[in-house]
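Given next are the chains, with one letter for each unit.
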Amino acid sequence: MTPHINAQKGDFAKLVLMPGDPLRAKYIADNYLENVKLVSNVRNMLMYTGTYKGNKISVAASGMGVASIGIYSYELFSEYGVEAIIRIGSSGSFKKEIKNFDLVLAKDCYGENTSFRENLIPDATEKIVYPTKELNDLIIKHAKKLNKQVKFERILTEEAFYSVKSVDERIKMSGGAVCVEMESYGLFTVAEKLNKKTACLLTISDNLVTKEYTTSEQRQNSFNEMMVLALDLAEDFQ
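Residues numbered from 1 in each chain as written. Predicted model: local features only at pLDDT ≥ 70, side-chain atom pairs only at ≥ 80, totals over all residues. Heavy atoms only, no water.

This is how it is decided: UniProt positions are given in the numbering used here, feature names are shortened, and annotations may be inferred rather than shown by experiment.
You'll find the protein entered in an unreviewed UniProt entry as Uridine phosphorylase, with Metamycoplasma faucium given as the organism. Under the UniProt heading Catalytic activity (unreviewed entry), the entry covering the protein gives this text: "uridine + phosphate = alpha-D-ribose 1-phosphate + uracil".

Following this line, the structure appears as structure tokens:
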């Protein structure tokens, strides 16, 4: 066990899917996994392991923000033998043409705040961090197999959910990000530090240009395209 995860050694699969919302983790476990077991519930940050199409896989909530995902991803990688984490989250679109429920795979991530990275990697002040190319390639391969459309773009990680910055300011600051979320800069940094694999697959939940929004219930239960795509990778980590 760790300070934040009360699972036992061996409870997690090599591949972990990581939504922010604990209830989205529960939804995936209830609706897609077989032989499922709740392996950790500290602070109600629900984590499950089961099988998908006969292949072992885990799903673990991360909470919101770089600090939260930083804690859980670090402990999963360093203490539980996890090899890869795919963040499956929601995001706000900066583009009119990138609509609610569209899928975005992060080709890289711009972080507005480097303090988390500097704490983990001395003198590392890079604003742009990267997922694992091998894992991104697998996601693209499975997307083609499942006939799912995925946009491959830069994303922005912000520290604050409520921002006074305009969409245009945020696009310019990040060098062309198409959407914003709050976790991936931290996840990619942890994976780099520990030499693990990571990726970020997002569903657009809000369009910051057209002001179209999804409800909390839709975000919890209706991101099935993203879930099925990520789950399909279980076969590659057996």
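### What about the pattern of salt bridges?
Keep this limit in mind: Salt bridge, as used here: a side-chain nitrogen of Lys or Arg that lies within 4 Å of a carboxyl oxygen of Asp or Glu. What counts as a helix is a DSSP run of H or I of at least four residues, what counts as a strand is a run of E of at least two, and both are numbered from the N terminus. For every residue, the accessible area (1.4 Å probe, protein chains only) is compared with the maximum for its type, and the residue is labelled buried under 20%, exposed over 50%, or partly exposed between those bounds.
Summed over the entire model, instances satisfying the criterion amount to 16 salt bridges. Here arginine 117 makes a salt bridge to glutamate 192, at a shortest N to O gap of 2.9 Å. Of this pair, arginine 117 sits in helix H3 (residues 115–120) while glutamate 192 sits in helix H6 (residues 184–194), and the two are 75 residues apart along the sequence. Residue arginine 117 is classed as buried on the basis of its relative accessible area of 3%.

### Description of the packing of helix H1 (residues 22–32) against helix H8 (residues 224–231)
Filter applied, for reference: Axis geometry follows a simple rule: fit a line to the C-alpha atoms, using only the stretch in contact for helices, then measure angles between N-to-C directions, giving values from 0 to 180 degrees. By definition in this entry, angles of less than 35 degrees are roughly parallel, angles greater than 145 are roughly antiparallel, angles of 65 to 115 are roughly perpendicular, and the rest are oblique. For any helix crossing, the convention is left-handed if the near helix is rotated counterclockwise from the far helix by under a right angle, and right-handed if that rotation is clockwise. Contacts were defined at the residue level, with two residues in contact if any of their heavy atoms lie within 4.5 Å. Under this grouping Gly is polar, as are all residues other than the nonpolar Ala, Val, Leu, Ile, Met, Phe, Trp, Tyr, Cys and Pro and the charged Asp, Glu, Lys and Arg.
It is the contact of H1 with H8, at a shortest axis distance of 12 Å, that shows an interaxial angle of 65°. Relative to H8, the element H1 lies roughly perpendicular. Where H1 crosses over H8, the two elements pack in a sense that is right-handed. On H8, the residues that touch Arg24, Tyr27, Ile28 and Tyr32 of H1 are Asn224, Met227, Val228 and Leu231. A class-by-class count of the residues in the contact of H1 with H8 yields 6 nonpolar, 1 polar and 1 charged.

### Digging into H8
H8 sits mainly inside the fold: 6 of its 8 residues count as buried. If you check which residues of H8 are buried, you get Met226, Met227, Val228, Leu229, Ala230 and Leu231.

### Comments concerning the packing of aromatic side chains
This is how the line gets drawn: Here the aromatic set is Phe, Tyr and Trp, taking the six-membered ring for Trp, and pairing holds for ring centres within 6.5 Å; pairs whose planes are under 30 degrees apart are stacked, those over 60 apart are edge-to-face, and all others are tilted.
Taken as a whole, this structure holds 4 aromatic pairs when the rule is applied. Both rings, one in phenylalanine 12 and one in tyrosine 80, keep their centres 5.2 Å apart while their planes meet at 70°; by these two values the pair is edge-to-face. Pair noted here: phenylalanine 12 is in the segment before strand E1 (15–18) and tyrosine 80 is in the loop between helix H2 (66–79) and strand E5 (84–93), with a separation of 68 residues, a long-range link. Like tyrosine 80, phenylalanine 12 is buried.

### Observations concerning unusual backbone geometry
Within the chain, arginine 43 stands out as a residue other than glycine whose phi angle is a positive 55°. Residues other than glycine seldom take positive phi values, yet aspartate 123 does so here, at roughly 65°. Considering the arrangement of structural elements, one finds aspartate 123 in the loop between H3 and strand E7 (128–129). With relative accessibility at 75%, the residue aspartate 123 sits in the exposed group.

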